[in-house]
Amino acid sequence: METLVVDHPLVAHKLTALRDVRTDSPTFRRLADELVTLLAYEATRDVRVIDQTVDTPLARAHGVRLARPAPLVVPILRAGLGMLDGMTRLLPTAEVGFLGMIRDESTLKAQTYATRLPEDLSGRQCYVLDPMLATGGTLAAAVQFLFDRGADDVTAICLLAAPEGIAHMDEVFKGSGRPVRLVTAGLDERLNEQGYIMPGLGDAGDRLYGVV
Ligand SMILES: O=P(O)(O)OC[C@H]1O[C@H](OP(=O)(O)OP(=O)(O)O)[C@H](O)[C@@H]1O
Ligand SMILES: O=c1cc[nH]c(=O)[nH]1
Ligand SMILES: [Mg+2]
């Protein structure tokens, strides 16, 4: 998987604050929101545009506008919802589809419990939002779901990733002929025995929305 770890002091500063066990839920939400906007700037570098001219008060200028169909942003519930506003602030004309997925904490297998997306995703650029790429089971299932509906261009935006998750994505999608990109604020060392990213930031969904 083509992976970009965004190397920027503001991203590193916000990620450090996000990791801090003392960061409360309102602050965690704000930091996740700010971080995704910075990551989205890099993740949308290849967003499709078409030429357009515009009349300034002085003359005609050549520019671009976003191509159609509009990009599709797909937050993975629940934790990915914490990244949606930051993403659509940068890409206000994007459409939004929803995938509800949960990882069984004993088997670490991902289960899909909700889907609300267009049936046909041919020709759509898709941006998957999920703060954590741990074993990669969740992201692999999400990307496969989008491919099955015809998407051929998928970029995942994650706040943190583990090497095991990236390796899993490489394994699942190698030779698929459909490239998957990852843009992340940090690539951590490893997973622990419970499948948590180390040093990580804990359970992103719980830190955003409370322990369930
Ligand atoms: O790479 P994986 O090993 O599959 O783990 C990552 C997934 O786990 C977390 O979701 P969780 O299952 O905790 O659901 P939640 O967002 O409702 O908290 C996280 O937001 C990812 O979706
Ligand atoms: O570290 C992890 C791994 C999976 N899900 C999380 O929220 N955090
Ligand atoms: Mg969770």
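The protein chain is annotated in an unreviewed UniProt entry as Uracil phosphoribosyltransferase of Planotetraspora kaengkrachanensis. Recorded in UniProt for the protein chain, the comment headed Sequence similarities (unreviewed entry) runs: "Belongs to the UPRTase family." Turning to the protein chain, the UniProt record has this under Pathway (unreviewed entry): "Pyrimidine metabolism; UMP biosynthesis via salvage pathway; UMP from uracil: step 1/1."

**A look at the layout of surface pockets**
As a volume, the largest pocket reaches approximately 630 Å³. In terms of lining, the largest pocket is formed by 28 residues, of which the most central are A79, M101, R103, E105 and D203. Elements that contribute at least two residues to the lining of the largest pocket include exactly β4 (72-77), β6 (98-103), β9 (132-133), α4 (137-148) and α6 (204-209). Within the lining of the largest pocket, the residues separate by chemical class into 14 nonpolar, 8 polar and 6 charged. Considered as a void within the structure, the second largest pocket measures approximately 150 Å³ in volume. E2, T3, L4, E42, A43, R45, D46, T155, R181, L182 and V183 are the residues that line the second largest pocket. Broken down by secondary-structure element, the contributors of at least two residues to the lining of the second largest pocket are β1 (2-5), α2 (25-43) and β11 (180-187). For the lining of the second largest pocket, the per-class residue count stands at 4 nonpolar, 2 polar and 5 charged.

**Points about the pairing of strand β8 (residues 125-129)**
Side-chain direction in a regular strand flips from residue to residue, so the side chains alternate between the two faces of the sheet. With 5 of its 5 residues buried, β8 lies for the most part within the structure. With burial as the criterion, each face of β8 is covered, one bearing Q125, Y127 and L129 and the other bearing C126 and V128. Across 4 bridges, β4 lies against β8 in parallel orientation. By the bridge assignment, V74 is partnered in β8 with V128. Relative to strand β10 (residues 153-161), β8 runs parallel, the two sharing 5 bridges. Its bridge partner lying in β10, L129 is registered against I157.

Criteria and cut-off values
- Residues numbered from 1 in each chain as written.
- Chains lettered and ligands numbered in written order.
- Predicted model: local features only at pLDDT ≥ 70, side-chain atom pairs only at ≥ 80, totals over all residues.
- Heavy atoms only, no water.
- UniProt positions renumbered as here; feature names shortened; annotations may be inferred.
- 1 Å grid on protein atoms, 1.4 Å probe; cavity = no way out; pocket = protein on both sides within 12 Å on 5 of 7 lines; lining within 4 Å.
- Points joined across faces, edges and corners; volume = space filled by probe spheres on them.
- Helix = DSSP H or I, 4+ residues; strand = E, 2+ residues; numbered from the N terminus.
- Nonpolar A, V, L, I, M, F, W, Y, C, P; charged D, E, K, R; others polar.
- Buried < 20%, exposed > 50% of the residue type's maximum accessible area, 1.4 Å probe, protein only.
- Pairing = 2+ DSSP bridges.

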